[in-house]
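Here is what each chain is made of, one letter per residue.
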Amino acid sequence: MSCNPSFGGIGKGHLMREVDALDGLCCRICDQSGVHYKVLNRRKGPAVWGLRAQIDRKLYKQNMQKEILNTPLLTVQEGAVEDLILTEPEPEHTGKYRVSGVVLVDGSTVYAESVVLTTGTFLRGMIVIGLEMHPAGRLGDQPSIGLARTLEKLGFVVGRLKTGTPPRIAKESINFSILNKQTPDNPSIPFSFINETVWIKPEDQLPCYLTHTNPQVDEIVLENLHLNCHVKETTRGPRYCPSIESKVLRFPNRIHQVWLEPEGMDSDLIYPQGLSVTLPAELQEKMITCIRGLEKAKMIQPGYGVQYDYLDPRQITPSLETHLVQRLFFAGQINGTTGYEEAAAQGVIAGINASLRVRHKPPFVISRTEGYIGVLIDDLTTLGTNEPYRMFTSRAEFRLSLRPDNADSRLTFRGYKEAGCVSQQRYERATWMKSSLEEGISVLKSIEFSSSKWKNLIPEASISSGKSLPLRALDVLKYEEVDIELLAKAVPEPLKEYTRCRELAERLKIEATYESVLFHQQQEIKEVQRDEALQLPKDLDYLTLRDVSLSREVREKLHFSRPQTIGAASRIPGVTPAAIINLLRFVKTTQQRQAAMDRLPQTDQRLCNTDKLEDRQL
């Protein structure tokens, strides 16, 4: 964990759940390493709740390394990659080259059938503090220069992004007594579907504290902009997690939140979330001591900015394999994203597909209708990005269907059957949960009473007794004040058994809440899936294609992004509706011709068999 000591959040928590549904590691490790668990956005519906946890940085590292090093058939070799080993491409696939391994900085080689690059901020990374700049991927680590040059020489379109990190503050130097204290949830909700609880009780968890900036902070920032080359750079930084300098310039005369977050159970460091800064170190100290509760704060490490190369993500397919180099996959910040969760989501998909590619199996692709991972990858591969991309629930069209609670039912079965990445234990648990939900919903639909009887059974519920039609138990469960436990007290048989599993009880409540709207959303999803089912030929040369009327601009955009479906093509900026219709006609005509060609041999065979039968009869 090279930056903030936390996982999850609004949108990001959805990605975490989907990574876990595919048996990714980070959720299980978070459940073993957190020091403060909280669900964000509780005031809104469960479709947009955001699971989040403060993580013990040292404990997370220990638990993750232990898990990785004890994984059967996995060899771990530490070293910096300097170059790629390239061979002739496979003729049946697009691409100029095929990767067959990597060259390490010491000159040694590692051969591989597939390669996944997850370069973080290390491609030509440059650290900035005030006017000082020096090469580094993060503080204390050398950047990757040779690999960046290799990728550029191969023809990849390279861009430049920046990010930053706040200073670290000594815990004992902060006056917490005057600050707003935030306690963890009780009970704490685990990230992983296979965990019923987290490793630590709520009463043993650490609190977070809230403070704010003030006009003095603004004054220090504005008076010293000339000493900050990171802010003056044209390189784009994160829009939704900006530096304090960017906030002061973009939102003048406002105060901004600063969350004081612990770095671990035994750590003396506090991470001031929201105070990312690249001013000279002495000015950072001056600024910190202007903030309430931090008047006597001691800065242990200054904040700094990082500038780094990324590659235009429109150069990769939805499986995260590159168009230019066969069997080479990109994941994480190399594709222009920001955050652990976005990187983990890409990493699990790239890893799955790197393995499937070696075994000559179809790629594992998640669509926008199936998960936030699909939204993330589709946005990157069709729209590209010119600023660090961060996931939000607002990016998904089908939020009510893509909830944190149902990620297992959406992805675990596909991961088990198509990708082989899901353990038997997880598959069996997902199967049990699916059947229990279906059974529970069926039972709730079967129990019907008059509204007046429900009112007598559950007086806490605001049920109108004037309704003439009978109400199902599922309808009663939709009321905000009603949960499965309350229903089970009113109708013990057969509802009592559904109160034994906390997660099952919560998911039945959520399914009831969204029952009516989900039906309509499923119809919309089917319409989108029809477009996604129309595959575009992989070897289509848009620049020279004569059978379809497309403008030069549209041809160039399609040639660069190489969408795999009509749906993906329609989301590329600048590709007009008229161009999509023409492309659609071309695809359908091509498919019809191909189908006719496929039928010809069968027709000839039937004619031949008929002739033989007539000969025998004669």
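Residues numbered from 1 in each chain as written. Predicted model: local features only at pLDDT ≥ 70, side-chain atom pairs only at ≥ 80, totals over all residues. Heavy atoms only, no water.

With that out of the way, let us pick up the overall build of the protein. Regarding its fold elements, the protein presents 21 helices and 21 strands. Here the protein has a C-alpha radius of gyration of 28 Å; the compact-globule value for 618 residues is 25 Å, and the two agree. Dimensions of the protein along its principal axes, counting C-alpha atoms only, are 110 × 75 × 50 Å. Looking at the protein as a whole, 52% of its 618 residues are labelled buried. For the protein, the computed accessible surface area is about 29900 Å², with 52% contributed by carbon and sulfur atoms. In the protein, which carries 78 positive and 77 negative side-chain charges, the distance between the mean positions of the two groups comes to 2 Å. (Helix = DSSP H or I, 4+ residues; strand = E, 2+ residues; numbered from the N terminus. Rg over C-alpha atoms; globule rule 2.2 N^0.38 Å. Buried < 20%, exposed > 50% of the residue type's maximum accessible area, 1.4 Å probe, protein only. Areas by Shrake-Rupley, 256 points an atom, 1.4 Å probe, with all protein chains shown as cover. Lys, Arg positive; Asp, Glu negative; His and termini not counted. Charge placed at Lys NZ, Arg CZ, Asp CG, Glu CD.)

Attention shifts here to the sheet that holds strand β12 (residues 180–182). In spatial order, the strands read β12-β13-β14-β15-β11-β16; together these six strands make up an open sheet with antiparallel pairing. Either end of the sheet is taken by a strand with one partner, and the two such strands are β12 and β16 (299–301). Sheet twist, expressed as the average angle between the axes of neighbouring strands with direction ignored, equals 35°. Alignment of strand β11 (residues 168–170) against strand β15 (residues 269–273), held across two bridges, turns out to be antiparallel. The residue bridging Ala170 from the neighbouring strand is Leu269, located in β15. (Pairing = 2+ DSSP bridges. Axes fitted to C-alpha atoms, helices over the stretch in contact; angles between N-to-C directions.)

In this section: a nonpolar patch on the surface. The grouping of Leu69, Leu74 and Val76 at the surface amounts to a nonpolar patch, some 290 Å² of accessible area in total. Mapped onto the secondary structure, Leu74 falls in the loop between α3 (57–69) and β4 (81–87). On the basis of relative accessibility, which here comes to 44%, the residue Leu74 falls in the partly exposed class. (Patch = residues over 30% accessible without salt bridge, like charges linked within 9 Å, V, L, I, M, F, W, Y side chains within 5 Å. Salt bridge = Lys/Arg side-chain N within 4 Å of Asp/Glu carboxyl O.)

Let's shift gears to the nonpolar core. Among the nonpolar cores identified, the biggest contains 70 residues, and Phe7, Leu151, Phe156, Leu328, Phe330, Ile349 and Ile373 are the most heavily contacted of them. Broken down by element, the residue count for this core peaks at nine residues, all from helix α9 (residues 340–358). Apart from the residues lying within four places of it in its own chain, the contact partners of Leu328 are Leu84, Val99, Val115, Leu117, Phe156, Leu320, Glu321 and Thr322. Residues Trp454, Tyr479, Val491 and Ala505 belong to the second largest nonpolar core, which totals 30 residues. (Core = buried A, V, L, I, M, F, W, Y, C linked by side-chain atoms within 4.5 Å. Contact = heavy atoms within 4.5 Å.)

Moving on, we come to the packing of helix α2 (residues 26–33) against α3. In a packed pair of helices, the relevant descriptors are the angle between the two axes and the axis-to-axis distance. At a closest axis distance of 9 Å, the pairing of α2 and α3 adopts a crossing angle of 135°. Accordingly, the angle class assigned to the pair α2 and α3 is oblique. With respect to the hand of their crossing, α2 and α3 are arranged in right-handed fashion. Of the residues in α3, those in contact with Cys26, Arg28, Ile29, Cys30, Gln32 and Ser33 of α2 are Leu59, Tyr60, Asn63, Met64 and Glu67. By residue class, the composition of the contact of α2 with α3 is six nonpolar, three polar and two charged. (Parallel < 35°, antiparallel > 145°, perpendicular 65-115°, else oblique. Left-handed = near helix turned anticlockwise from the far one by under 90°. Nonpolar A, V, L, I, M, F, W, Y, C, P; charged D, E, K, R; others polar.)

Now for the pattern of salt bridges. Counted according to the given criterion, the structure contains 38 salt bridges. Among the ionic pairs, Glu342 bridges to Lys12, the shortest N-O distance being 2.9 Å. In this pair, Glu342 is assigned in helix α9 and Lys12 in helix α1 (residues 12–21), connecting sequence segments 330 residues apart. The residues Glu342 and Lys12 share a single accessibility class, namely buried. For the salt bridge of Asp408 with Arg507, the shortest nitrogen-to-oxygen distance reads 2.9 Å. Linking Asp408 in helix α11 (residues 407–419) with Arg507 in helix α17 (residues 502–513), this pair joins segments that are 99 residues apart in sequence.

Turning to the packing of aromatic side chains, a few remarks are in order. Taken as a whole, this structure holds seven aromatic pairs when the rule is applied. Each residue in the set Phe7, Tyr60 and Tyr340 is aromatic and connected to the rest through ring pairs, giving one cluster. Looking at Arg42, its charged tip hangs above the ring of Trp49, at a distance of 4.6 Å from the centre. (Phe/Tyr/Trp six-rings, centres within 6.5 Å; stacked < 30°, edge-to-face > 60°. Lys NZ or Arg CZ within 6 Å of the ring centre and 35° of its normal.)

Turning our eyes to something else, we now look at unusual backbone geometry. With an omega of 5°, the peptide bond between Asn186 and Pro187 qualifies as cis. Of note, Pro187 is situated in the loop between β12 and β13 (208–212). The linkage connecting Glu493 with the following residue, Pro494, adopts the cis geometry, with an omega of 10°. With respect to the element layout, Pro494 can be found in helix α16 (residues 492–495). A positive phi angle, near 75°, is found at Leu320, a position not held by glycine. With respect to the helices, strands and loops of the structure, Leu320 is situated in the loop between β17 (304–311) and β18 (325–326). Classification of Leu320 as buried rests on a relative accessible area of 0%.

Ordered by their spatial adjacency, three strands build an open sheet running β1-β3-β2, and the pairing between neighbours is antiparallel. Strands with a single pairing partner mark the edges of an open sheet, and in this sheet they are β1 (6–8) and β2 (34–40). Strand-to-strand twist across the sheet, computed as the mean angle between neighbouring axes with direction ignored, equals 15°.

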